[in-house]
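Secondary and tertiary structure notes
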Amino acid sequence: MARRTQTVTDYRNRLDAAVTALSLFIRDLCPEAQLEISFTRYEDVDAHIWISLPSTLTEEAQEELANRVAEKSLDLLLVEGLLILAGIEEAQPTSPISEEVG
């Protein structure tokens, strides 16, 4: 029985495709979100995506987005065998910019 050995290039191509798919999924859910991606491996984690949400999202919308991203991340783990963690930074209300009067 032939055993297929995964090369580093194969792994990296699969990881790039999975991170891209998850990033596009997040963008479809919330186009205004800012994403930061890290391919630094830590233990069994293959990549990280940090998501900064806009302050205009309601708490319910933030929770819905978090749940959908977690489901998609789990799907990628089960189907591709890649653990991509996504962390969501809660939206901070923006403070008005004060103008100096001169």
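Attention here is on the structure that accompanies the text. (Residues numbered from 1 in each chain as written. Predicted model: local features only at pLDDT ≥ 70, side-chain atom pairs only at ≥ 80, totals over all residues. Heavy atoms only, no water.)

Glancing now at the packing of aromatic side chains. With the rule as written, the count across this model stands at 0 aromatic pairs. K72 extends its terminal NZ or CZ atom over the ring of F25, reaching a point 5.4 Å from the ring centre. (Phe/Tyr/Trp six-rings, centres within 6.5 Å; stacked < 30°, edge-to-face > 60°. Lys NZ or Arg CZ within 6 Å of the ring centre and 35° of its normal.)

Here E43, not a glycine, exhibits a phi torsion of approximately 50°, which is positive. Note that E43 resides in the loop between β1 (34-38) and β2 (47-52). (Helix = DSSP H or I, 4+ residues; strand = E, 2+ residues; numbered from the N terminus.)

Turning to helix α1 (residues 8-29), a few remarks are in order. In a regular helix each residue adds 1.5 Å, so 22 residues correspond to 32 Å; α1 covers 31 Å between its end C-alpha atoms and thus fits that length. By the burial criterion, the buried members of α1 are Y11, L15, A18, V19, L22, S23, F25 and I26. The buried residues of α1 occupy an angular sector of 155° when the element is viewed end-on, so they sit on one face. Counted as exposed and oriented over 90 degrees from the buried face of α1: T9, L24 and D28. If you follow the buried residues of α1, they end up packed against β1, β2, α2 (59-80) and β3 (84-89). (Expected span 1.5 Å × (residues − 1). Buried < 20%, exposed > 50% of the residue type's maximum accessible area, 1.4 Å probe, protein only. Arc of directions from axis to C-beta. Contact = heavy atoms within 4.5 Å.)

This next bit is on α2. Look at α2: 31 Å from first C-alpha to last across 22 residues, which is about the 32 Å you get at 1.5 Å a residue. Among the residues of α2, Q62, L65, V69, S73 and L76 are the ones counted as buried. Buried residues in α2, looked at end-on, bunch into an arc of 70°, giving them a common side. Turned more than 90 degrees off the buried face of α2, the exposed positions are E60, E63, E71, L78 and V79. Buried residues in α2 make contact with α1, β2 and β3. Once α2 finishes, G81 follows within two positions and takes phi at roughly 75°, a positive value.

By secondary structure assignment, the location of D46 is in the loop between β1 and β2. Residue classification places D46 among the buried positions, given a relative accessible area of 5%. In this structure the side chain of D46 is engaged in a polar contact, spanning 2.6 Å, whose partner is the side chain of Y11. Only 2.8 Å separates the side chain of D46 from the backbone nitrogen of L83, close enough to count as a polar contact. (Polar contact = N/O pair within 3.5 Å; in protein donor to acceptor, adjacent residues only side chain to side chain.)

So, on to the nonpolar core. Within soluble globular proteins, side chains that are nonpolar tend to cluster in buried spots. Core analysis: the biggest nonpolar cluster contains 18 residues, and L15, L22, I49, I51 and I84 have the highest contact counts within it. Only α1, β2 and α2 provide two or more residues apiece to this core. Broken down by element, the residue count for this core peaks at 7 residues, all from α1. For I51, the residues in contact, after removing those within four places along its chain, are I26, A33, Q34, L35, V69, A86, G87, I88 and E89. (Core = buried A, V, L, I, M, F, W, Y, C linked by side-chain atoms within 4.5 Å.)

It is worth stressing that arrangement in space is one thing and function is another; only the former is reported here.
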